[in-house]
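Structure at a glance
Okay, here's what each chain looks like letter by letter:
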Amino acid sequence: MAKITLDNLAHSYLRNPKSEDDFALKELNHDWADGEAYALLGSSGCGKSTLLNIISGLLHPSQGRILFDGKDVTNAPTTERNIAQVFQFPVVYDTMTVRENLAFPLKNRGADAAYVAARVQEIAGMIGMEATLDRKARGLTADAKQKISLGRGMVREDVNALLFDEPLTVIDPHMKWELRTQLKSLHHSFGHTMIYVTHDQTEALTFADKVVVMYDGRVVQIGTPEELFERPAHTFVGYFIGSPGMNLLPAEIAGTTARIDGVNIPMASGYGPLSGKLEIGVRPEFTRLSATEGLPVRIRRIEDVGRHKIVRADFQGTEINIIAEEGASIGADMTKVTFDAAQINVYANDWRVQGEAA
Amino acid sequence: MEKTVNQKAWFLVLPVLFLVAFSAVLPLMTVVNYAFQDTFGNNQFFWAGLSWFSDLLHSDRMWSALGRQMVFSIIILAIEVPLGIFVALNMPKKGFWASFCLVTMSLPLLIPWNVVGTIWQIFGRVDIGLLGYTLDKLGIPYNYTQEFYAAWATVIVMDVWHWTSLVALLAYAGLQSIPDAYYQAAKIDQASRWKVFRFIELPKIMGVMMIAILLRFMDSFMIYTEPFVVTGGGPGNSTTFLSIDLVKMALGQFDLGPAAAFSLMYFLVIMLISWVFYTIMTNLEKREGA
């Protein structure tokens, strides 16, 4: 168990990166607090796995340092870092039994046989594979194999950190819940530092204390699920988290008023003079249809998802989504949209601007 | 549901039947014919029964040739399989050098067999061959035309030079199919290099290695051209392997009856061993499927 510090870390897969665009992982400074569970969230190819492989030592970063509890391990090989990592696709040792698979990392570290046996039994219970312990791993189903991979990741108690690289991709949905719950309870009982990479927001929000959102090789926001939902620091976070994502509209900002195409929209906070590409962002949850006031829109479609309705509307080519109560009646004359003044965020060049309470 | 019965489809098999009959069955039947008869010329044949076979089974000459053949095949398998795997493990995985290695290693496989023999025949000569001359100057007694060990060493080294590439290429292909994640997981699990080989690489190349062993066994068991060119089976009979002996018997002494019996038994032995291999291989696959 350790605090992991990233110091000016960056990585490029090219030998001589010229511009910032050549970096798969842009310069990053961050502390992963000891014993905390993090989710690393982002779309495919945003550098999540790169970051994970750098922490575990499978990749050597182009620049910067990695420290475990203040000790520089940038040049230490994976074996010395004592890290557990579970990969997206199951890796099992085909010729071994399930039991031997689970015992493998312990035996490689020369653990005592009685301890290994007890620990393997415990882990097998956790992943629900006690009955198949003496079967050969070859020929098991993909999700059984992935459970073994997870088990191998969890079997060592003294690891500095547990890293998961989209480990539940190949697992059945109902099993996903169960395993995720197991991982959480494991975290509670042992207090390992855990980093969990995923592109599934539900997975990230339910698993982690803190969610780290990455976009285009950069960490755009680190926060609790609540912070990510209410105050997305970057338009990508707004778009990526939530279903549907945040509505973004180009606007002129003057004090506590946003002006879109001649319509004034009141906001709860005030802003000084801003420059660059200005937008307001409002979650569909805080957007309402109205017959009398607001932005004139064209309603394209209404989707009933059971718990609520999603109204898909269009304002001059920009999509606006509105979440309406399941029971709400939507009249033919309700062709205008209003926003909850307290829930409007202002973005300049995609980054959120902190307003002052008016 | 009634199936349409159309026996005419059998006619489509006829061309293949004719081809196989002319290229394989008829020649083989000729050999069978010779194996049970004797002749003193004039195309007159006499029934000989099983006497050629029983003669053969009591012939020291055949048994010693078979012994030499076995020793030869076992030695080259024992060298080529581990060496081939070792080479494959140390080849670059991608980039220019991977292609370079592949092409270089394929070269011996592309050389006609009698040319391979000629290359080593000249290479090993004490008067003009680079290898023979060098060894001679170093004071190592080496003369493959006169010494037993020199002749065997030459024939074995030649075969290793010629065929290790095949094993290496097959092993390399097997290794290339292992996803990176396996090696990464092994690092995470702190597995030693030996364990990576034992538990990841070896199981993955097992199937393809069985094929390599089968191919190399059959080929070496039937080896003729290269030792014939280099040593001609000598000195004495020391490198007279089964097929060299067979040709001597059939074309040198013109003993067609014993030679025919010899080839039939040779054929059966190879069939038997291939069948054993095949059974082991399919069992391995079944275990994989289970």
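Residues numbered from 1 in each chain as written. Chains lettered and ligands numbered in written order. Predicted model: local features only at pLDDT ≥ 70, side-chain atom pairs only at ≥ 80, totals over all residues.

Quick notes on the interface of chain B and chain A
The condition that has to hold: Remark: residues whose backbone-derived C-beta atoms lie within 7 Å of one another are considered to be in contact. Numbering goes from the N terminus for both helices and strands, where a helix is a DSSP run of H or I of at least four residues and a strand is a run of E of at least two. Following the grouping adopted for this structure description, the nonpolar residues are Ala, Val, Leu, Ile, Met, Phe, Trp, Tyr, Cys and Pro, the charged ones are Asp, Glu, Lys and Arg, and the polar ones are all others, Gly among them.
Contacts between chain B and chain A engage 15 residues on the former and 21 residues on the latter. Elements with a minimum of two residues in the side of chain B that touches chain A: α8 (180–188), α9 (193–221) and α12 (256–289) of chain B. Split by residue class, the side of chain B that touches chain A holds 9 nonpolar, 3 polar and 3 charged.

Focus on the sheet that holds strand β16 (residues 295–296) of chain A
Either a parallel or an antiparallel arrangement is found when strands of a sheet pair, and the pairing is made through backbone hydrogen bonds. Residues and elements named next belong to chain A. Note the following rule: When DSSP finds two or more bridges between two strands, those strands count as paired.
Here 3 strands make up an open sheet; going across it, the order is β15-β20-β16 and the pairing antiparallel. Two strands bound the open sheet, and with one partner strand each, they are β15 (287–290) and β16. Bridge analysis of β16 against strand β20 (residues 336–339) gives 2 bridges, and the strand direction is antiparallel. Paired with Pro296 across the two strands is Lys336, which belongs to β20.

Re helix α7 (residues 148–176) of chain B
We count it as follows: Given a helix with a known number of residues, its expected span is that number minus one, times 1.5 Å. A residue's bend is given by the angle between axes fitted to the 7 residues ending at it and the 7 residues starting at it.
Compared with the 42 Å implied by 1.5 Å per residue over 29 residues, the 41 Å span of α7(B) between its first and last C-alpha is a close match. Remark: the principal bend of α7(B), roughly 40°, maps to B:Trp163.

Quick notes on the packing of helix α4 (residues 96–110) of chain B against α7(B)
Residue and element names in this part refer to chain B. Test applied: The axes are straight lines fitted to the C-alpha atoms, using for helices just the contacting stretch, and the angles between their N-to-C directions are given from 0 to 180°. Roughly parallel here means an angle under 35 degrees, roughly antiparallel means over 145, roughly perpendicular means 65 to 115, and every remaining angle is called oblique. The hand of a helix crossing depends on one turn: near helix anticlockwise from the far one by less than a right angle means left-handed, and clockwise means right-handed.
Where α4 contacts α7, the axes come no closer than 8 Å and their chain directions differ by 130°. The angle between α4 and α7 places the two elements in the oblique class. Note that α4 runs across α7; the crossing there is left-handed. Between α4, through Met105, Ser106, Pro108 and Leu109, and α7, the contact on the second element is made entirely by Trp161, His162, Ser165, Leu166, Ala168 and Leu169.

Topic: the confidence of the model for chain B
For the record, the criterion: A score between 0 and 100, pLDDT records how confident the predictor is in each residue.
Here chain B averages 86 in pLDDT, and 98% of its residues register 70 or above. Interface predicted TM-score (ipTM) for the complex: 0.76; the corresponding pTM is 0.75.

Here we look at the pairing of strand β21 (residues 345–348) of chain A
One face of the sheet, then the other: side chains in a regular strand alternate in exactly this way. Residue and element names in this part refer to chain A. Rules: Exposed residues have 12 or fewer other C-beta atoms within 10 Å of their own C-beta, buried residues have 20 or more, and partly exposed residues fall in between, where C-beta atoms are placed from the backbone.
The two faces of β21 differ: Asn345 and Tyr347 on one face are buried, but Val346 and Ala348 on the other face are not. Across 4 bridges, strand β14 (residues 278–282) lies against β21 in antiparallel orientation. Opposite Gly281, over in β21, you have Asn345 as the bridge partner. When β21 meets strand β22 (residues 351–353), the two strands line up antiparallel, connected through 3 bridges.

Description of the pairing of strand β11 (residues 247–250) of chain A
Residues and elements named next belong to chain A. Of the two faces of β11, the one lined by Asn247 and Leu249 is fully buried and the one lined by Leu248 and Pro250 carries no buried residue. As paired strands, β11 and β14 are joined by 4 bridges and run antiparallel to one another. Each residue of the ladder has a partner; that of Leu249, found in β14, is Ile280.

Observations concerning the environment of B:Leu50
With respect to the helices and strands, B:Leu50 occurs in the loop between β2 (45–47) and α2 (51–57). Separated by 15 residues in the primary sequence, B:Leu50 and B:Ala35 place their C-alpha atoms 8.2 Å from one another.

A closer look at the sheet that holds strand β1 (residues 4–11) of chain A
All names here are of chain A. Sheet architecture is open: 4 strands sit in the order β2-β1-β4-β5, paired in antiparallel fashion. Each of the sheet's edge strands pairs with one partner strand only, and the pair in question is β2 (25–32) and β5 (71–72). Of the pairings in the sheet, the one linking β1 to strand β4 (residues 63–68) comprises 5 bridges and is antiparallel in character. Bridging from a neighbouring strand, Thr5 pairs with Leu67 of β4. In the packing of helix α1 (residues 48–56) onto the sheet, contacts are made with β1, β2 and β4, and the angle to β1 comes to roughly 125°.

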